[in-house]
Each structure stands twice: as C-alpha cells, then as structure tokens.
Amino acid sequence: MKMKCKLLIKTNCTLGEGIFWDDLTNKLRWVDIHEGLIHSLTLETKNHQVWDVKQKIGWIILTDSPNEFIAGFQKGFGRINLSQGSPE
C-alpha cells in the first residue's frame, strides 16, 4: 500500500528537530536549533507562530501549564513561557 505525503507548511528551518504534539494546546511544536527558534503550528487553521529565544535551542519539553516549557539552550537550561516571549 502506498502512502501519500503532503506538505503542511514550509518553514525554511536550518535544523528543525524535536517535533511533538502538545495536548494542552492541540498544536505541533518543534525547534530550529541553529536559529534559536521555537515553532508552533495549529493544524486546523494552519496558523504558524515562531518565537526567537536569541540563542541555540536543542529541545523543549512540556510542563503542566499551556505555553510553558523546560528548554535546553546553548548556555544552559531554563523555563520558557511563550505567552511572555522570553526565557527565564
């Protein structure tokens, strides 16, 4: 059986990694490691949002709060809240 693949969105990531489904917000999330960006995509509306954390970012993991993550940055670990737009 053949599968058909379809491009959802063109992001031009330099090194897009770590894609996962966020159950709290019903969005796909991933990072662009070299550009220091966090991406979010709402599938139903194709709304694509991007946050610049101003340094390389290797990964993000969910917390119990919507739009809040623990992240691995080039310069260490931290908590980031996308509603506030900046890492702590």
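Here's what I pulled together on the structure shown here.

Rules of the game
- Residues numbered from 1 in each chain as written.
- Predicted model: local features only at pLDDT ≥ 70, side-chain atom pairs only at ≥ 80, totals over all residues.
- Heavy atoms only, no water.
- Pairing = 2+ DSSP bridges.
- Helix = DSSP H or I, 4+ residues; strand = E, 2+ residues; numbered from the N terminus.
- Axes fitted to C-alpha atoms, helices over the stretch in contact; angles between N-to-C directions.
- Polar contact = N/O pair within 3.5 Å; in protein donor to acceptor, adjacent residues only side chain to side chain.
- Salt bridge = Lys/Arg side-chain N within 4 Å of Asp/Glu carboxyl O.
- Buried < 20%, exposed > 50% of the residue type's maximum accessible area, 1.4 Å probe, protein only.

This part covers the pairing of strand 5 (residues 57–62). In this structure, strand 5 lies alongside strand 6 (residues 68–73), joined through five bridges in antiparallel fashion. When the sheet's bridge partners are listed, Ile-61 is paired in strand 6 with Ile-70. Remark: five residues form the turn of the hairpin made by strand 5 and strand 6, two consecutive strands paired antiparallel; Asn-67 in that turn has positive phi of roughly 65 degrees.

Okay, the sheet that holds strand 4 (residues 47–52) next. What the four strands build is an open sheet, ordered 1-2-3-4; its pairing is antiparallel. Every other strand in the sheet has two partners, leaving strand 1 (16–22) and strand 4 as the edge strands with one partner each. Here the strands of the sheet are splayed against their neighbours by 20 degrees on average, with no regard to which way each runs. Note that strand 1 and strand 2 (residues 27–32) share five bridges and pair antiparallel. What sits directly across from Trp-21, in strand 2, is Leu-28.

Below, the discussion takes up the environment of Trp-51. Considering the arrangement of structural elements, one finds Trp-51 in strand 4. The spacing of Trp-51 and Leu-7 is 44 residues in sequence and 22 Å in space, taken between C-alpha atoms. A polar atom in the side chain of Trp-51 sits 3.3 Å from the backbone oxygen of Leu-82.

The phi angle at Asn-26 is positive, at roughly 55 degrees, despite the residue not being glycine. Turning to its location among the elements, Asn-26 is positioned in the loop between strand 1 and strand 2. Within the chain, Lys-54 stands out as a residue other than glycine whose phi angle is a positive 65 degrees. Within the secondary structure, Lys-54 is located in the loop between strand 4 and strand 5.

Before going further, it helps to examine the pattern of salt bridges. Per the counting criterion, the structure on display carries three salt bridges. With a closest N to O distance of 3.1 Å, Asp-22 and Arg-29 form a salt bridge. For Arg-29, a relative accessible area of 0% gives the class buried. For Arg-79, the salt bridge identified is with Glu-68, shortest N-O distance 2.9 Å. Of the two residues, Arg-79 sits in strand 7 (residues 76–81) while Glu-68 sits in strand 6, which places them 11 residues apart along the sequence. Residue classification places Arg-79 among the partly exposed residues on the basis of a relative accessible area of 35%. Residue classification places Glu-68 among the buried positions, given a relative accessible area of 15%.

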